[in-house]
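Coordinates in review
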Amino acid sequence: MSVEKFIAKIEQDKEIYVEFLRTLIQSDSVNPPGNEKNVALVIEEFLKDVNIKTEIFPFGNNRANLIAYLNENFEGKNLLYNGHMDVVPPGFEKDWKYPPLSALVKRNKIIYGRGSSDMKSGLAAMAIALKVLKELDLNLTGNLIFNAVADEETHGKFGTGWCIDNPLKSINCDFAVIGEPTGLNPLPKAIIVGEKGHLIIKIRTHGISGHSSMPAISENAIYMMSKIIENLDKIDEYVPKSEPPIKLEKLKKLLAVTFPNENIFNRILEEQPEIESLLQALINFTKALTMIKGGIKENVIPDFCEAVLDVRPLPGQQVEPITEALKKLIRDDVGYLVKDDSTIPPGEVFVEIEIVTATEGSYWQKWEESDELNDFYELVETIYEKKPLYFLLPGSADSQYLRNDGYCPQTILFGPGKSRVAHAIDEHIEILDFMRAIKVYAIFAYKFLSKK
Ligand SMILES: [Zn+2]
């Protein structure tokens, strides 16, 4: 079957697909708490009329994962399409131009709503690709497995993590695509081959409270935290150097592919500090203090202060040396006891460190040797009429569950939407981008599963 025939078939059902996506956006799956089952039921309904086998795995309170298969045969090549059903909270609704659950269509071109980019458009496009292949009844040798997951926005343990360990465990995976939004505006579409980890650390200072009229006899926990913050950059010296998966020069080359020539690329690099900071984030671990709270009353010296440190390790970088570095600076440079050093006697001044989340980064080592990935690249270039770029993600998604521990290292991220509008107010998706993603997913699956 030709690419043109696929495109014609998909264009013909455009209105149905746009309505399906709107229904997904309108189905509340804000996480926390999740409620992903609302979305799973809409997908099941959509796939039902062409006899696609769909399984829903419920858990918790109205939460669920979903798996659907093109056929019952898992002996040939298996292609996995993964997309998350949950979305982040919309924030204050009145800040939005249109209500976040409205899925309002503007000028027939743009759909607004929470999750439109991240990633109900990618999720819908994958479900549609599966349906298109089923409708066309193409006698394929392999199988397409569509996995709609919960829990991605809260680190994926109950979603992709659970699915890999349970229903997908016995199924061999030859290639996987996660449909996250990979438009890195102002750059063209990216095909993501690696992503950073995510470490969230709570730092708690425990001081001694007292009356604020006699501060000298107390130990102010906010001042303690302030001393730690002043010294925080020392972590950079204490953490052992970790090699980035792709070095700076190579990253620049990967970026330059999308510009007409090297001079233009170098000029853009100089003019756009955002690109330089993106590159720096991809070759170093980063840290940012993101929350702080302390104090109970204006005339009480606080005996407690808590700050949240958000750290993004490189793929392959161990988490433990980072937490050890933090403890070292608190102990040696600031001079406070760190709680797990010894038992702290009552009334003692100390600092407590809690690891809230530790998600590893991941990287597909051999992506440059893959013919299938090259096929994917060429297809994206054809459908999007522009060269995409291979790149890394400074954030993190669910690929670590697939890539690490060897389940499916050959996992990429590619999907409709722009990463910049993800999690933002007035999140939206261009219908053109959504339609193109359907074509890429459907045609790639057809080509991949036709090959012996
Ligand atoms: Zn996402």
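Preceding this paragraph is the structure being described.
Only a predicted model underlies this, so the values are computations on that prediction, with no experimental measurement involved.

With that settled, consider the overall build of the chain. Within the chain one finds 14 helices and 19 strands. When the backbone C-alpha atoms are referred to their principal axes, the chain occupies close to 80 × 50 × 45 Å. Counting all 452 residues of the chain, 55% fall into the buried class. Of all intrachain contacts in the chain linking residues separated by at least 6 positions in sequence, the fraction that spans at least 24 positions is 79%.

Our next topic: the sheet that holds strand E14 (residues 337–338). Taking strand neighbours across the sheet as the criterion, the 5 strands line up as E11-E13-E9-E15-E14 in an open arrangement whose pairing is mixed. Bordering the open sheet on either side are strand E11 (286–294) and E14, each of which pairs with just one other strand. Looking at chain direction, E14 and strand E15 (residues 350–359) are connected through 2 bridges and run parallel. Across the sheet, the residue bridging to Val338 is Val351, located in E15.

With respect to the helices, strands and loops of the structure, Leu133 is situated in helix H4 (residues 116–136). For the pair Leu133 and Phe74, spaced 59 residues apart in sequence, the C-alpha separation works out to 16 Å. Excluding its chain neighbours within four sequence positions, the residues that come into contact with Leu133 are Phe6, Leu70, Leu138, Leu140, Leu144, Ala442, Ala445 and Tyr446.

Surrounding the zinc ion are the protein donor atoms His84 (NE2), Asp118 (OD), Glu180 (OE) and Glu180 (OE), which sit 1.9 to 2.7 Å from the metal. Of note is the zinc ion, whose 4 donor atoms meet at the metal with angles of 53 to 145 degrees in an arrangement that counts as irregular. For His84, a relative accessible area of 1% corresponds to the buried category.

What follows covers the packing of helix H1 (residues 3–12) against H4. Angle between the axes and distance between the axes are the two parameters that describe a pair of packed helices. As a packed pair, H1 and H4 sit with axes 12 Å apart at the nearest point and diverge in direction by 110 degrees. The orientation of H1 relative to H4 falls into the category roughly perpendicular. Like other packed secondary-structure pairs, H1 and H4 cross with a definite hand, here right-handed. For the pair H1 and H4, contact is made by Phe6, Lys9 and Ile10 and by Val132, Leu133, Glu135 and Leu136, respectively. Across the contact of H1 with H4, the residue classes tally to 5 nonpolar, no polar and 2 charged.

Before going further, it helps to spend a moment on helix H8 (residues 248–256). Looking only at H8, the buried set comprises Leu251, Leu254 and Leu255. The buried residues of H8 all sit within an arc of 100 degrees when viewed along its axis, so they share a single face. Exposed residues pointing more than 90 degrees away from the buried face of H8 are listed as Glu249 and Lys253. Packed against the buried residues of H8 are helix H9 (262–271), helix H10 (273–283) and strand E17 (389–393).

Glancing now at the pattern of salt bridges. Tallying each qualifying case throughout the model produces 29 salt bridges. The partner of Asp49 in a salt bridge is Lys131, with the nearest N and O atoms 3.2 Å apart. Of this pair, Asp49 sits in the loop between helix H3 (37–48) and strand E1 (53–59) while Lys131 sits in helix H4; the two residues are 82 residues apart in sequence, bridging distant segments of the chain. What makes Asp49 exposed here is its relative accessible area of 60%. With a shortest N-O distance of 3.2 Å, Lys189 and Asp433 are connected by a salt bridge. Here the residue Lys189 occupies a position in the loop between strand E7 (175–178) and strand E8 (190–195), and Asp433 occupies one in helix H14 (residues 431–450), the gap between them amounting to 244 residues. With respect to burial, Lys189 and Asp433 carry one shared label: buried.

Another aspect to go through is a positive patch on the surface. On the surface, a cluster of positive charge is made up of Lys97, Lys106, Arg107 and Lys109. When you line up the elements, Lys109 lands in the loop between strand E4 (105–106) and strand E5 (110–112).

Time to look at the sheet that holds strand E19 (residues 428–430). Spatial strand order, E4-E5-E19: 3 strands in an open sheet with antiparallel pairing. Of all strands in the sheet, those bounded by a partner on one side alone are E4 and E19. Of the strand pairs in this sheet, E4 and E5 are connected by 2 bridges, and their pairing is antiparallel. Within E5, the residue paired with Lys106 across the bridge is Ile110.

Mapped onto the elements of the fold, Met214 is located in the loop between strand E10 (210–211) and helix H6 (221–231). Measuring from C-alpha to C-alpha, the distance between Met214 and His423 comes to 46 Å, with 209 residues separating the pair along the chain.

Leaving glycine aside, a negative phi is the common case for residues, and trans is the common case for peptide bonds. Residue Pro32 is reached from Asn31 by a cis peptide bond, and omega for that bond is 0 degrees. In this structure, Pro33 follows Pro32 across a cis peptide bond, with omega equal to 10 degrees. Looking at the secondary structure, you find Pro33 in the loop between helix H2 (14–26) and H3. Its identity is not glycine, yet Asn35 carries a phi of approximately 50 degrees, on the positive side. Here Asn35 is to be found in the loop between H2 and H3.

Glancing now at the nonpolar core. Of all hydrophobic cores here, the largest spans 111 residues; its most connected members are Ile43, Tyr81, Phe146, Phe391 and Phe434. In terms of residue count, H14 provides more of this core than any other element does, 14 residues in total. Sequence-distant contacts of Tyr81, defined by excluding residues within four places in its chain, comprise Met126, Ala129, Leu144, Ile145, Phe146, Asn147, Val177, Tyr441, Phe444 and Ala445. Residues Leu232, Leu309, Leu326 and Val338 belong to the second largest nonpolar core, which totals 27 residues.

This part is about the packing of aromatic side chains. The tally for this structure, following the rule as stated, stands at 17 aromatic pairs. With centroids separated by 4.9 Å and ring planes inclined at 80 degrees, the aromatic side chains of Phe376 and Phe444 adopt a geometry described as edge-to-face. Of this pair, Phe376 sits in helix H12 (residues 371–384) while Phe444 sits in helix H14, placing them 68 residues apart in sequence. The burial state of Phe376 is the same as that of Phe444; both residues are buried. An aromatic cluster is present here, built from Phe175, Trp364, Phe376, Tyr384, Phe414, Phe444 and Phe448 joined pairwise through their rings. The lysine or arginine in question, Lys131, covers the ring of Phe46, its NZ or CZ lying 3.9 Å from the ring centre. The positively charged end of Lys328 is found above the aromatic ring belonging to Tyr238, 4.9 Å away from the centroid.

Rules and cut-offs
Residues numbered from 1 in each chain as written. Predicted model: local features only at pLDDT ≥ 70, side-chain atom pairs only at ≥ 80, totals over all residues. Heavy atoms only, no water. Helix = DSSP H or I, 4+ residues; strand = E, 2+ residues; numbered from the N terminus. Buried < 20%, exposed > 50% of the residue type's maximum accessible area, 1.4 Å probe, protein only. Contact = heavy atoms within 4.5 Å. Pairing = 2+ DSSP bridges. Donors = N, O, S within 2.8 Å, 3.2 Å for Na, K, Ca; no water. Tetrahedral: all angles 85-135°; square planar, octahedral: opposite > 155°, others 65-115°. Axes fitted to C-alpha atoms, helices over the stretch in contact; angles between N-to-C directions. Parallel < 35°, antiparallel > 145°, perpendicular 65-115°, else oblique. Left-handed = near helix turned anticlockwise from the far one by under 90°. Nonpolar A, V, L, I, M, F, W, Y, C, P; charged D, E, K, R; others polar. Arc of directions from axis to C-beta. Salt bridge = Lys/Arg side-chain N within 4 Å of Asp/Glu carboxyl O. Patch = residues over 30% accessible without salt bridge, like charges linked within 9 Å, V, L, I, M, F, W, Y side chains within 5 Å. Areas by Shrake-Rupley, 256 points an atom, 1.4 Å probe, with all protein chains shown as cover. Lys, Arg positive; Asp, Glu negative; His and termini not counted. Charge placed at Lys NZ, Arg CZ, Asp CG, Glu CD. Core = buried A, V, L, I, M, F, W, Y, C linked by side-chain atoms within 4.5 Å. Phe/Tyr/Trp six-rings, centres within 6.5 Å; stacked < 30°, edge-to-face > 60°. Lys NZ or Arg CZ within 6 Å of the ring centre and 35° of its normal.

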